[in-house]
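Working through the structure, step by step
Now for the letters of each chain:
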Amino acid sequence: MLRVKSLLAGLAMAALALPAVAAEYKDEYRLSTVVGKPFPWGEGGERWAELIREKTDGRINVKMYPGVSLVNGDQTREFTALRQGVIDLAVGSTINWSPQVKELNLFSLPFLMPDYAAIDALTKGPVGESLFELLAEKDVVPLAWGENGFREVSNSSRAIRTPEDMRGLKMRVVGSPLFNDTFTALGANPTQMSWADAQPALSTGAVDGQENPLSIFTVAKLHTVGQDHVTLWGYVADPLIFVVNQEVWESWTPEDQQAVREAALQAAEEQVALARKGLADGDENLLKDIEANGVTVTRLSDEEKEAFRNATRAVYDAWAERIGPELVKQAEDSIAAR
Ligand code: X2X
């Protein structure tokens, strides 16, 4: 009996001495996204899960929950749920987390980023680092930058070429008040709703239009819900961020943490390439597909864009104050030096 007891005590001490043993791992880790496959965003989430499984020899089993189903479709609650541990991992848009992390509104400042090189100058430069440091103080471990994309405006009623064309249009916008301000400044009637609610609202005509990256427009087949006009104005772009809840992260061995980080970087790089496919580097295939569906695609000259920039400048200035003038300055400098 004594021998058994001391053996047990010995085992208990050995267990205590081990750092984080695999036995403490969950059977399943839950990864949240707004959209699933075949949206580039959903492809990125699935790919991350797959690479994690491979690189940890199956020790970490991640399942993706698209449609932000872990928060009943309310994408603006995703970040809070992530902090609370209701969600273990996420590939989330800066827009959806900006109600909780005001600095992420940076990417929604109208006409801050003129091209893809400007997005990269932010996410791959000091601005990206500052934002990751900030997120790291909020119970999450940020690992990599992905991309939803430049958000182009569409509607069912007319080609938009000037701010006046926007007047009176009912527009579905996402969950940051900055979007309300931008569309109000343009004379439209913005109404905030989730992506889940947006599609029925478009099909019933409860709203006239919306703004989203063209990869979302095509995969969601928005031309079938009356969105006959798209204007390429590239007014904002939303990056995606690959993150893990901090407690979950700390429960993993350093070796597995490294594997999850590498998986995120690889999945994110592939995901950004997918998000830009048919839209960048002289490849306009996605635009051709959209036009082939009978949608009028309106391209703006620099002067035409300038009119939208001027009409939203006051919104930019007011929000730059809220986001933090230093961060905005850092972003403007990074973009100027790209
Ligand atoms: O709701 C949207 O418009 C979407 C899918 O682009 C985001 O989640 C930001």
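Parameters at a glance
- Residues numbered from 1 in each chain as written.
- Predicted model: local features only at pLDDT ≥ 70, side-chain atom pairs only at ≥ 80, totals over all residues.
- Heavy atoms only, no water.
- Helix = DSSP H or I, 4+ residues; strand = E, 2+ residues; numbered from the N terminus.
- Buried < 20%, exposed > 50% of the residue type's maximum accessible area, 1.4 Å probe, protein only.
- Near = heavy atom within 4 Å.
- Polar contact = N/O pair within 3.5 Å; in protein donor to acceptor, adjacent residues only side chain to side chain.
- Areas by Shrake-Rupley, 256 points an atom, 1.4 Å probe, with all protein chains shown as cover.
- Nonpolar A, V, L, I, M, F, W, Y, C, P; charged D, E, K, R; others polar.
- Phe/Tyr/Trp six-rings, centres within 6.5 Å; stacked < 30°, edge-to-face > 60°.
- 1 Å grid on protein atoms, 1.4 Å probe; cavity = no way out; pocket = protein on both sides within 12 Å on 5 of 7 lines; lining within 4 Å.
- Points joined across faces, edges and corners; volume = space filled by probe spheres on them.

**A short note on the environment of A307**
Tracing the backbone through its elements, the reader meets A307 in helix α13 (residues 302–323). Judged by its relative accessible area of 33%, A307 is partly exposed. Separated by 144 residues in sequence, A307 and P163 have C-alpha atoms that sit 7.0 Å apart.

**Brief notes about the site of the ligand**
Lining the immediate environment of the ligand, one finds V34, W41, Q75, S93, N96, N148, R151, R172, V174, W195, N212 and D238. Between the ligand and Q75 there is a distance of 2.7 Å, counted from an oxygen atom to a side-chain nitrogen or oxygen. Note that an oxygen atom of the ligand is positioned 2.7 Å from one of the side-chain N or O atoms of R172. Relative to its unbound accessible surface of 270 Å², the ligand loses 100% to contact with the protein. Its residues assigned to classes, the shell around the ligand comprises four nonpolar, five polar and three charged.

**Digging into the packing of aromatic side chains**
In this description, an aromatic ring pair is defined by two values, namely the gap between the centres and the angle between the planes. In the structure shown here, the tally under the stated rule is 14 aromatic pairs. Here the aromatic rings of F79 and W97 are separated by 5.3 Å at their centres, their planes lie at 45 degrees, and the arrangement is tilted. Note that F79 is positioned in helix α3 (residues 78–84) and W97 in helix α4 (residues 94–97), a separation of 18 residues in sequence. By relative accessible area, W97 is classed as buried at 0%. Relative to W233, the ring of F111 has its centre 5.9 Å away and its plane inclined at 80 degrees; by these criteria the two rings are edge-to-face.

**Considering empty space enclosed by the protein**
Within the structure shown, the criterion is met by one cavity of 30 Å³ or more. Of the volumes computed, that of the largest cavity is approximately 100 Å³. Surrounding the largest cavity, 15 residues form its lining, W41, Q75, N148, R151 and N212 being those nearest its centre. Going through the elements one at a time, α4 and β4 (140–155) are the ones with two or more residues in the lining of the largest cavity.

No statement about biological role is implied by the geometric values presented.
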